[in-house]
Amino acid sequence: MEPLRDRFSKGTEDSARVYSASIPFDRRLYREDIRGSIAHARMLGKQGIISEKDAELIIMGLVSIREEIEAGEFIFKDELEDIHMNIEARLTEKIGSVGGKLHTARSRNDQVALDMRLFLKEAINNLVAGISGLQEALLQQATVNKDIVIPGYTHLQRAQPVLLAHHLLAYFEMLQRDKGRFRDCMRRTDVMPLGSGAVAGVSYRIDRKFLADELGFSRISENSMDAVGDRDFIIEFQSCASIIMMHISRLAEELVLWSSAEFSFIEIDDAYATSSSIMPQKKNPDMAELGRGKTGRVYGNLMGILTVMKGLPMAYNRDLQEDKEGLFDTVDTLEMTLKVFTGMINTIKINGEKTRAAVAEDYMLATDLADYLVKKGLPFRQAHSAVAALVRYALEQSRQLNQLTIEQYKTFSNLFGEDVFDITVDQSLVNRNIEGGTGPEQVSLALEKAKKRLKESG
Ligand code: ARG
């Protein structure tokens, strides 16, 4: 019969066994599980709970199991339910009944909590590095294209000219906050739960501090019931991941728009584009669309774990097994998304002619005209109204503002003088020489500062 069935008169029904087995997905935790078990065995030996000799034997067994798994020689069995039982059963096969001593002063409940925390700590570190890579790509494009001007949009209507670098730096800021969120999540993930046992804490004199040090944790959990029933760290991670995916999705949307014929601001590199099965001319921005689309599944994973946790009585419940697939999926999705977007941003070509042309149209200097009148003494609201009437007139005449004569200007305000023609896109930018604004000097400073921040904080 399967292990852990001595209490029962029969084995599990086939469908129940398949239904409850987590081994198809939690086998991915083998490294964390073995690492945790090695530390646990070492601690049991040090504390005299098992003999040092047994501890050695167990550790050697675990190391060889890890090698078997990595060589693809390990046979995972779903009748052994999960990664923990698979490894323990194999250990006993290899070293005999001493293997049965490993689970002294431990439960799968604190064991799985440990594995998940070890897994997530590594994932967070990798993802933070991945985010920095994407930020570097944005800074690189901002630096190479630092003279490119694009329309700044509000309501997706052309609003005021901005530097492309300024636009890209906005994404740098979003990603910087994302890293801060992941690091904050790390603080609450970095807690060592062993010693909690099944629910009440274990009855052996174990050394929790030693375990924390061995496994690289900063703290040990404060309450055994909380420690085995808590998945807040996964919920937090899923929400951090959802927020960064939302940011990437916004970037993706702009890449899709900007690469369309209607905008033509950018060209996505062929290596990141796909074609159509029917229309031979097509060049589709599929990677950007997929980044936007995969945001949905990451949100789904957040909703999934929030819903799993809702209404669970204390402490461990098997429902918690449902924390895994969504977490693995989010980690993989985000890791790949960062990689693809970093490559895509690094290789994008900007069409400076198109962006310039876009800025020249659509009365984007209207605010600057109003500001001009304000500087000549008119209250802003009146200046706004005069320029609005001027724009309306220009529209009726099918003229851009710089195509009107000074006489035409003067019919809307006698404060207009010849110097109104000094209002240009470049001047509009220069005028915004304010911290956080799109003035070229400010953007250069911001770019330098961003590079420094990235170097300092990683
Ligand atoms: N596969 C389980 C999980 O992921 C491991 C813990 C099982 N504990 C138990 N009491 N059945 O949550």
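Residues numbered from 1 in each chain as written. Predicted model: local features only at pLDDT ≥ 70, side-chain atom pairs only at ≥ 80, totals over all residues. Heavy atoms only, no water.

**Focus on the overall build of the protein chain**
The number of helices and strands found in the protein chain is 18 helices and 6 strands. For the protein chain, the spread of C-alpha atoms along the three principal axes comes to 100 × 50 × 40 Å. Of the contacts formed within the protein chain by residues at least 6 apart in sequence, a portion of 75% connects residues at least 24 apart. As displayed, the protein chain has an accessible area near 22,800 Å², and 52% of this comes from carbon and sulfur atoms. Within the protein chain, one finds 58 positive and 67 negative side-chain charges whose respective centroids are separated by 2 Å. (Helix = DSSP H or I, 4+ residues; strand = E, 2+ residues; numbered from the N terminus. Contact = heavy atoms within 4.5 Å. Areas by Shrake-Rupley, 256 points an atom, 1.4 Å probe, with all protein chains shown as cover. Lys, Arg positive; Asp, Glu negative; His and termini not counted. Charge placed at Lys NZ, Arg CZ, Asp CG, Glu CD.)

**Some remarks on the site of the ligand**
Inspection of the region around the ligand gives Ser22, Asp26, Asp82, His84, Arg108, Asn109, Val112, Tyr316, Gln321 and Lys324 as its neighbouring residues. One nitrogen or oxygen atom from the side chain of tyrosine 316 is found 2.5 Å from an oxygen atom belonging to the ligand. At a separation of 2.5 Å, an oxygen atom of the ligand approaches a polar side-chain atom of lysine 324. Across the shell around the ligand, the residue classes break down as 2 nonpolar, 4 polar and 4 charged. (Near = heavy atom within 4 Å. Polar contact = N/O pair within 3.5 Å; in protein donor to acceptor, adjacent residues only side chain to side chain. Nonpolar A, V, L, I, M, F, W, Y, C, P; charged D, E, K, R; others polar.)

**Observations concerning the packing of helix α6 (residues 108–144) against helix α18 (residues 440–457)**
With their axes 11 Å apart at the nearest point, α6 and α18 run at an angle of 155° to one another. Considered as vectors, α6 and α18 are oriented roughly antiparallel to each other. Helix-helix and strand crossings are classified by hand; for α6 and α18 the assignment is left-handed. Taking contact as the criterion, the partners of Ser132, Gln135, Glu136, Leu139, Ala142 and Thr143 in α6 are, on α18, Leu447, Ala450, Lys451 and Leu454. (Axes fitted to C-alpha atoms, helices over the stretch in contact; angles between N-to-C directions. Parallel < 35°, antiparallel > 145°, perpendicular 65-115°, else oblique. Left-handed = near helix turned anticlockwise from the far one by under 90°.)

**Some thoughts on the packing of helix α7 (residues 164–189) against α18**
As a packed pair, α7 and α18 sit with axes 11 Å apart at the nearest point and diverge in direction by 25°. The angle between the axes of α7 and α18 places the two elements in the roughly parallel class. The chirality of how α7 crosses α18 is left-handed. Contacts between α7 and α18 involve Ala165, His166, Leu169, Phe172, Glu173, Gln176, Lys179 and Arg183 from the first element and Val443, Ala446, Leu447, Ala450, Arg453, Leu454 and Ser457 from the second. In terms of residue class, the contact of α7 with α18 is made up of 8 nonpolar, 3 polar and 4 charged.

**As for the environment of glutamate 448**
Take glutamate 448: it is sitting in helix α18. Residues glutamate 448 and threonine 143, 305 residues apart in the sequence, show an inter-C-alpha distance of 9.5 Å.

**Structural notes on the pairing of strand β1 (residues 149–154)**
Two strands pair when backbone bridges link them, and β1 and strand β2 (residues 157–163) are joined in this way by 6 bridges, in the antiparallel orientation. Paired with threonine 154 across the strands is glutamine 157, a residue of β2. Between β1 and the antiparallel strand that follows it, β2, lie 2 residues; histidine 155 among them carries a positive phi value of about 55°. (Pairing = 2+ DSSP bridges.)

**Considerations on the pattern of salt bridges**
Taken as a whole, this structure holds 35 salt bridges when the rule is applied. Two residues, glutamate 396 and arginine 392, come together in a salt bridge whose shortest N-O distance is 3.7 Å. Here glutamate 396 pairs with arginine 392, and both are found in helix α15 (residues 380–396), just 4 residues apart, close to one helical turn. Residue glutamate 396 is classed as exposed on the basis of its relative accessible area of 55%. The exposure class assigned to arginine 392 is exposed, which follows from its relative accessible area of 58%. Several salt bridges share partner residues, and in doing so they unite Glu68, Lys77, Arg90, Glu93 and Lys94 into one network. (Salt bridge = Lys/Arg side-chain N within 4 Å of Asp/Glu carboxyl O. Buried < 20%, exposed > 50% of the residue type's maximum accessible area, 1.4 Å probe, protein only.)

**Regarding unusual backbone geometry**
Residues methionine 314 and alanine 315 are joined by a peptide bond in cis, for which omega reads -5°. With respect to the element layout, alanine 315 can be found in the loop between α11 (286–309) and α12 (324–346). Non-glycine residue aspartate 362 carries a positive phi angle of around 70°. For aspartate 362, the position within the fold is in the loop between α13 (352–360) and α14 (366–375). Residue classification places aspartate 362 among the partly exposed residues on the basis of a relative accessible area of 39%. Although it is not a glycine, tyrosine 363 adopts a positive phi angle of roughly 55°. Along the chain, tyrosine 363 turns up in the loop between α13 and α14.

**Topic: the packing of aromatic side chains**
A complete count under the given rule lists 10 aromatic pairs for this structure. For the ring pair phenylalanine 182 and phenylalanine 237, a centre distance of 5.5 Å and an interplane angle of 50° mean the geometry is tilted. Remark: phenylalanine 237 occurs in helix α10 (residues 232–258) and phenylalanine 182 occurs in helix α7; sequence separation between them is 55 residues. With relative accessibility at 0%, the residue phenylalanine 182 sits in the buried group. Given a relative accessible area of 0%, phenylalanine 237 falls into the buried group. Taken together, the aromatic side chains of Tyr153, Trp258, Phe263 and Phe265 make up a single cluster linked through ring pairs. Of note, arginine 117 hangs over the ring of phenylalanine 233, and the distance from its end group to the ring centre comes to 4.0 Å. (Phe/Tyr/Trp six-rings, centres within 6.5 Å; stacked < 30°, edge-to-face > 60°. Lys NZ or Arg CZ within 6 Å of the ring centre and 35° of its normal.)

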